[in-house]
Amino acid sequence: MIEWSDEDLMIRDAVRDWIDAEVRPNLDALESGELPPYDIIRGLYKTFGMDELARSSFKARMEKERAGASGGGSSDDGDDADAGTGRGGNAAMSMLPIIELCKVAPGLVSAMGVGLGLAAGTIMKRGTVEQKERWALDLLTMEKVGAWAITEPNSGSDAFGGMQATARKVGDEYVLNGSKTFITNGPYADTIVFYCKLDEDGVEPRDREILTFVLDTGMEGLEQSKPLRKMGLHSSPTGELFLDDVRAGADRLLSSGKGGGKESAKQNFVTERAGVAAMALGVIEECLKLSVGYAKTRELWGQRIGDFQLIQLKLAKMEVARLNVQNLVFRHIEMQRAGRTPTLAEASAMKLYAAQAASEVAQEAVQLFGGNGYMSEYRVEQLARDAKSFQIYAGTDEIQVTHIARDLLSR
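Residues numbered from 1 in each chain as written. Predicted model: local features only at pLDDT ≥ 70, side-chain atom pairs only at ≥ 80, totals over all residues. Heavy atoms only, no water.

S.K.: Explain the overall build of the protein chain residue by residue, including any values.
M.R.: On a plain count of helices and strands, the protein chain comes out with twelve helices and nine strands. Its C-alpha radius of gyration of 22 Å places the protein chain within 12% of the 22 Å reference for a compact globule of 411 residues. Dimensions of the protein chain along its principal axes, counting C-alpha atoms only, are 80 × 50 × 40 Å. Relative to its full complement of 411 residues, the protein chain shows a buried share of 53%. A sequence separation of at least 24 residues applies to 77% of the contacts in the protein chain between residues at least 6 apart. Of the roughly 18,300 Å² that the protein chain leaves accessible, carbon and sulfur atoms contribute 51%. Averaging the locations of the 48 positively and 61 negatively charged side chains of the protein chain gives two centres separated by 3 Å. (Helix = DSSP H or I, 4+ residues; strand = E, 2+ residues; numbered from the N terminus. Rg over C-alpha atoms; globule rule 2.2 N^0.38 Å. Buried < 20%, exposed > 50% of the residue type's maximum accessible area, 1.4 Å probe, protein only. Contact = heavy atoms within 4.5 Å. Areas by Shrake-Rupley, 256 points an atom, 1.4 Å probe, with all protein chains shown as cover. Lys, Arg positive; Asp, Glu negative; His and termini not counted. Charge placed at Lys NZ, Arg CZ, Asp CG, Glu CD.)

So, in structure tokens, the structure goes:
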């Protein structure tokens, strides 16, 4: 794949028109936190029929599973990440809205991606048919908001080893305790996929089994914080979760499957990290477009700044980054079409390069705009703040390096 098809471009243009009508006029309210993003995302789904596509795809899959043809909830197939989402048929359709939305409000993609790819994706990979029907469909259609809770205040990058949230078996139930932080959609989530450790006597805390539960807002002992203030991605609400003796029946426990809860989380890291390349491409394309337009119209010393070689160097580097990240996106689309899931190392390499490229391009755009670039009116300021998050969430740059290197050294 070396360029978008005519069909892809038609989809892109339709998405752009919708964004111009529905997102740009609400950008200030999204940035201030006054307007949560979920109704806008639901509008995207309804406008393009993505909700109905998800319903029909989900129904077909459930019929297949009930007939015993797919192995049920223990399946570890790479395709399960998109099962029921309706995105598998046209790989470009899953990428183009991400790219276009990230030109305006990358936080919308974070909010949408966590609910669909992580919360719903985990349930679709690990849940029974009953659990999928109970929770997943509402997440896949965006009727309900999903959160994926793994990060804790004292664990950070040591997500599994440092995890302190626990599940203690009491009769036929589990009693959950602990806290989570930096949880996308946490303040507004209806459904929460919650990772914790089994409280096992005689087993070192770092070695205890990772369990995954599905929780509902309003459960006794579950507290969801107000949105946290943060540097960027203001259109994606982030919060904390506090669990104090939350009782969860076995019906809320997802299958450990192959590799347990830890492997389930790693599969989601692949999905999330590969998606960052599309997010980065949106930011890069918008920064380049804004920078070229500004270089053509802004004048200093009697000539447009685009005539100065230092400005030309910045634009040239932005175009190199755009081409490289676009090629990563095209490669990912081709892998989806071929039914191949990236390895953790491949997804980490995609995220590492794309995140760094987006952040560097956005910072250079601010520099090119000078004092204007530091003002929110010119938009590159917002994109620079948003792009920085790509180097932190879904694993920091440093974590990506270790995952890539370990894979290389293990061969």
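What follows picks up the thread again.
S.K.: I'd like a description of helix 12 (residues 397-409), backed by residues and values.
M.R.: With 13 residues, helix 12 should cover 18 Å at 1.5 Å per step; its first-to-last C-alpha distance of 18 Å lies within 8% of that length. Of all the positions in helix 12, only Asp 397, Gln 400 and Ile 404 are classed as buried. Within helix 12, the buried residues cover an arc of 60 degrees as seen down the axis, which keeps them to one side. Exposed residues lying more than 90 degrees from the buried face of helix 12 are Glu 398, Arg 406 and Leu 409. (Expected span 1.5 Å × (residues − 1). Arc of directions from axis to C-beta.)

S.K.: Which residues make up the pairing of strand 5 (residues 210-216), and what are the values?
M.R.: Among the seven residues of strand 5, seven are classified as buried, and the element is accordingly described as predominantly covered. The side-chain alternation of strand 5 yields two buried faces, one formed by Ile 210, Thr 212, Val 214 and Asp 216 and the other by Leu 211, Phe 213 and Leu 215.

S.K.: Describe the pairing of strand 1 (residues 146-149), naming the residues involved and giving the relevant values.
M.R.: A regular strand carries its side chains on alternate faces of the sheet. The alternating pattern of strand 1 places Gly 146 and Trp 148 on one face and Ala 147 and Ala 149 on the opposite face, and all of these are buried. By the bridge criterion, four bridges tie strand 1 to strand 4 (residues 191-198) in an arrangement that is parallel. Bridging across to strand 4, Trp 148 finds its partner in Val 193. (Pairing = 2+ DSSP bridges.)

S.K.: Explain the nonpolar core residue by residue, including any values.
M.R.: Formed by 69 residues in total, the largest nonpolar core has its most connected members in Trp 4, Val 23, Leu 101, Leu 108, Val 283, Val 329 and Phe 390. Looking at this core element by element, the count peaks at 13 residues for helix 8 (residues 260-297). Filtering out sequence-adjacent residues up to four positions away, Phe 390 remains in contact with Pro 106, Val 276, Met 279, Ala 280, Val 283, Lys 351, Ala 355 and Ala 358. In terms of nonpolar packing, the next biggest core, distinct from the first, is built from 26 residues, Met 62, Trp 135, Leu 139 and Ile 150 among them. (Core = buried A, V, L, I, M, F, W, Y, C linked by side-chain atoms within 4.5 Å.)

S.K.: Give me the side chain of Ser 359: which residues, what numbers.
M.R.: Following the sequence through the fold, Ser 359 ends up in helix 10 (residues 344-369). A polar side-chain atom of Ser 359 sits 3.0 Å from a polar atom in the side chain of Gln 391. The residues contacting Ser 359, other than those within four sequence positions of it, are Ala 387, Lys 388 and Gln 391. (Polar contact = N/O pair within 3.5 Å; in protein donor to acceptor, adjacent residues only side chain to side chain.)

S.K.: Account for the confidence of the model for the protein chain, with residues named and values stated.
M.R.: On average, residues of the protein chain score 91 in pLDDT, and 93% of them reach the 70 mark or higher. Scored below 50 in pLDDT, residues 70-89 makes 44 contacts in the model with residues more than four places away or belonging to other chains. (pLDDT = per-residue confidence, 0-100.)

S.K.: Just give me the short version of helix 6 (residues 106-126), but keep the residues and values in it.
M.R.: With 21 residues, helix 6 ought to run about 30 Å at 1.5 Å a step, and its terminal C-alpha atoms sit 28 Å apart, in line with that. The sharpest bend along helix 6 comes to roughly 35 degrees, located at Gly 113. (Bend = angle between axes of the 7 residues up to and from the residue.)

S.K.: A description of unusual backbone geometry should follow, citing residues and the corresponding values.
M.R.: In this model, Asn 185 sits at a positive phi of 70 degrees, which is unusual for a non-glycine residue. The residue Asn 185 is located in the loop between strand 3 (173-184) and strand 4 in this model. Judged by relative accessible area, which is 0%, Asn 185 ranks as buried. With a phi angle near 55 degrees, Asp 245 is a residue other than glycine that sits in the positive phi range. Position of Asp 245 relative to the elements: it lies in strand 7 (residues 238-249). In this structure Asp 245 comes out as partly exposed when scored by relative accessible area, which is 44%.

S.K.: Which residues make up the packing of aromatic side chains, and what are the values?
M.R.: Under the criterion given, the structure shown has nine aromatic pairs. Look at Tyr 174 and Phe 213: their rings are 5.2 Å apart centre to centre, the planes differ by 65 degrees, and that puts the pair in the edge-to-face class. Of this pair, Tyr 174 sits in strand 3 while Phe 213 sits in strand 5, and the two are 39 residues apart along the sequence. For the ring pair Tyr 294 and Phe 369, a centre distance of 4.1 Å and an interplane angle of 20 degrees mean the geometry is stacked. Taken as a pair, Tyr 294 in helix 8 and Phe 369 in helix 10 lie far apart in primary sequence, 75 residues in all. Judged by its relative accessible area of 6%, Phe 369 falls in the buried class. Put simply, the rings of Tyr 294, Phe 369 and Tyr 378 pair up and form one aromatic cluster. The residue whose ring lies beneath Lys 180 is Phe 194, and the NZ or CZ to ring-centre distance is 5.1 Å. (Phe/Tyr/Trp six-rings, centres within 6.5 Å; stacked < 30°, edge-to-face > 60°. Lys NZ or Arg CZ within 6 Å of the ring centre and 35° of its normal.)

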